[in-house]
Amino acid sequence: MKRYAAFAVARYLFVFLAAGAILYAILSLAPTEPAEVILAKPAIYLYPQEETEIFVNVELAQGRFTATEPRLGHGWRVTAQPDGTLTDQSGRSWPYLFWEADCPAQFDFSQGFVVPGGQVQEFLDRSLAELGLSRREAADFMEFWLPQLEENPYNLVSFQQRAYTDLARLDIDPAPDCLIRVFMAWKPLDEPTDIPPQTLQAPVRQGFTAVEWGGSRVE
């Protein structure tokens, strides 16, 4: 009787553990919930071929804006000059439009670059040029991001395309002839890791050109 009871207990324990293992495997295969990230410092530059009244709006798929300059409201209405100078409806001048937001996001790190902290400036000089940023735009980008990346032993960097544009829709009226959106997702690393390199390219800047850059640190 005791042997039968022990056998029954062992059988039920085996079934319980097996069921737990199956449940764990199923959960591990399920897609993870998007993590809350900061879409940090996206800056929008406008370069029409002549002075132009332009409407710009950013629509988030999810999340909320934490800062905008000038105030976003239902969109920005600005007068843009060919050199990129923007004047809002109150008469104030801006070098670019700025926004920031918190939102749930999953970025694609299947391709990218592992960059030592001491080589970040050289990497960004080269990569931002390949992505189509001007020297002025790249300088603004690096002023914000370079100090944060340089302090880490290594950085995993991947420039986002579809993942970012799905998160933040950019509407510009009149529509630009050339639109360049550069968004850098990155993680600090203590040790290097292997990752397939990412191919970087940009459309040719011609006619009315609009440019946006931003980034997110992913923990």
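Because the structure is a prediction, the values reported are computed rather than measured.

**Student:** Any chance you could explain helix α2 (residues 120-130) here in plain terms?
**Tutor:** For an α-helix, 3.6 residues make a turn, and residues three or four places apart therefore share a direction. Within α2 the residues assigned to the buried category are V120, F123, L124, S127 and L128. The buried residues of α2 occupy an angular sector of 110° when projected down its axis, which confines them to one face. In α2, the exposed positions angled more than 90 degrees off the buried face are occupied by E122 and A129. Against β8 (113-116), α3 (135-150), β9 (154-160) and β11 (178-189) lie the buried residues of α2. Remark: G132 follows α2 within two positions and exhibits a positive phi of approximately 100°.

**Student:** Looking at this structure, how should I read the packing of aromatic side chains?
**Tutor:** Each aromatic ring pair is specified by the distance between its two centres and by the angle formed by the two planes. On inspection of all chains with the given rule, the structure shows 10 aromatic pairs. Where F123 meets F159, the ring centres are 6.3 Å apart and the plane angle is 25°; that geometry is what we call stacked. Within this pair, whereas F123 is found in helix α2, its partner F159 is found in strand β9, the two being separated by 36 residues in sequence. Pair check on accessibility: F123 and F159 agree, each one buried. Here the aromatic rings of Y164 and F183 are separated by 4.1 Å at their centres, their planes lie at 10°, and the arrangement is stacked. With a gap of 19 residues between them, Y164 in helix α4 (residues 162-167) and F183 in strand β11 connect regions that are remote in the sequence. As far as the burial class goes, Y164 and F183 line up, both buried. For K187, the ring lying beneath its charged end belongs to F109, and the centroid distance is 4.6 Å.

Criteria and thresholds
Residues numbered from 1 in each chain as written. Predicted model: local features only at pLDDT ≥ 70, side-chain atom pairs only at ≥ 80, totals over all residues. Heavy atoms only, no water. Buried < 20%, exposed > 50% of the residue type's maximum accessible area, 1.4 Å probe, protein only. Helix = DSSP H or I, 4+ residues; strand = E, 2+ residues; numbered from the N terminus. Arc of directions from axis to C-beta. Contact = heavy atoms within 4.5 Å. Phe/Tyr/Trp six-rings, centres within 6.5 Å; stacked < 30°, edge-to-face > 60°. Lys NZ or Arg CZ within 6 Å of the ring centre and 35° of its normal.

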